[in-house]
Amino acid sequence: MDSIKINTEYITLGQFLKLADLIQSGGMAKWFLSEYEVYINGELDVRRGRKLRSGDKIEIPGFGTYTITS
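On a predicted model such as this, the values are computed, not experimentally measured, just so you know. (Residues numbered from 1 in each chain as written. Predicted model: local features only at pLDDT ≥ 70, side-chain atom pairs only at ≥ 80, totals over all residues. Heavy atoms only, no water.)

Caption draft 1: Spatial organisation of the overall build of the protein chain. Assigned secondary structure in the protein chain consists of two helices and seven strands. Taken from N to C terminus, the helices and strands of the protein chain fall in the order β-β-α-α-β-β-β-β-β. The burial tally for the protein chain puts 34% of its 70 residues in the buried class. Contacts in the protein chain between residues far apart in sequence, at least 24 positions, make up 47% of those at least 6 positions apart. Carbon and sulfur atoms make up 45% of the accessible area of the protein chain, which amounts to about 4400 Å² in all. Computed over 9 positive and 9 negative side-chain charges, the inter-centroid distance for the protein chain is 8 Å. (Helix = DSSP H or I, 4+ residues; strand = E, 2+ residues; numbered from the N terminus. Buried < 20%, exposed > 50% of the residue type's maximum accessible area, 1.4 Å probe, protein only. Contact = heavy atoms within 4.5 Å. Areas by Shrake-Rupley, 256 points an atom, 1.4 Å probe, with all protein chains shown as cover. Lys, Arg positive; Asp, Glu negative; His and termini not counted. Charge placed at Lys NZ, Arg CZ, Asp CG, Glu CD.)

Rendered as structure tokens:
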């Protein structure tokens, strides 16, 4: 499980994908979410604007599991 450290109250799912080096640019977030399943705290979510806060767990089958830390 990888940790993604944030310095703000939250980041969006699109920002997370870029920080985790899963996409090259923010514009690719919509495409990535349409091609792959992303589970946030066990629930499937496709909203690139979804707010992720410290303690959230993100699971992307085939890519890994991540935790948001502050």
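Caption draft 2: View of the sheet that holds strand β4 (residues 43-44). If you walk across this open sheet you meet the five strands as β1-β7-β6-β3-β4, and the pairing is mixed. Of all the strands in the sheet, just β1 (2-5) and β4 have a single pairing partner and so form its edges. In this structure, strand β6 (residues 57-60) lies alongside strand β7 (residues 64-69), joined through four bridges in antiparallel fashion. For Lys 57, the partnering residue across the bridge sits in β7 and is Thr 67. (Pairing = 2+ DSSP bridges.)

Caption draft 3: Spatial organisation of the side chain of Asp 45. Position of Asp 45 relative to the elements: it lies in the loop between β4 and β5 (51-53). By relative accessible area, which is 6% here, Asp 45 ends up buried. At a separation of 2.8 Å, a polar atom in the side chain of Asp 45 contacts the side chain of Arg 47. Every residue in contact with Asp 45, bar those within four places of it in the chain, is listed here: Leu 13, Leu 33, Val 38, Ile 40 and Arg 50. (Polar contact = N/O pair within 3.5 Å; in protein donor to acceptor, adjacent residues only side chain to side chain.)

Caption draft 4: A look at the pattern of salt bridges. All told, the structure shown has three salt bridges when counted by the stated rule. Glu 9 serves as the salt-bridge partner of Arg 53, at 3.2 Å between the closest nitrogen and oxygen. One end of the pair, Arg 53, is in strand β5; the other, Glu 9, is in the loop between β1 and β2 (10-12), and 44 residues separate them in sequence. In this structure Arg 53 comes out as partly exposed when scored by relative accessible area, which is 34%. The class for Glu 9 is exposed, based on a relative accessible area of 61%. Here Arg 47 ties to Asp 45 by a salt bridge, and the two come within 2.8 Å at their closest N and O atoms. (Salt bridge = Lys/Arg side-chain N within 4 Å of Asp/Glu carboxyl O.)

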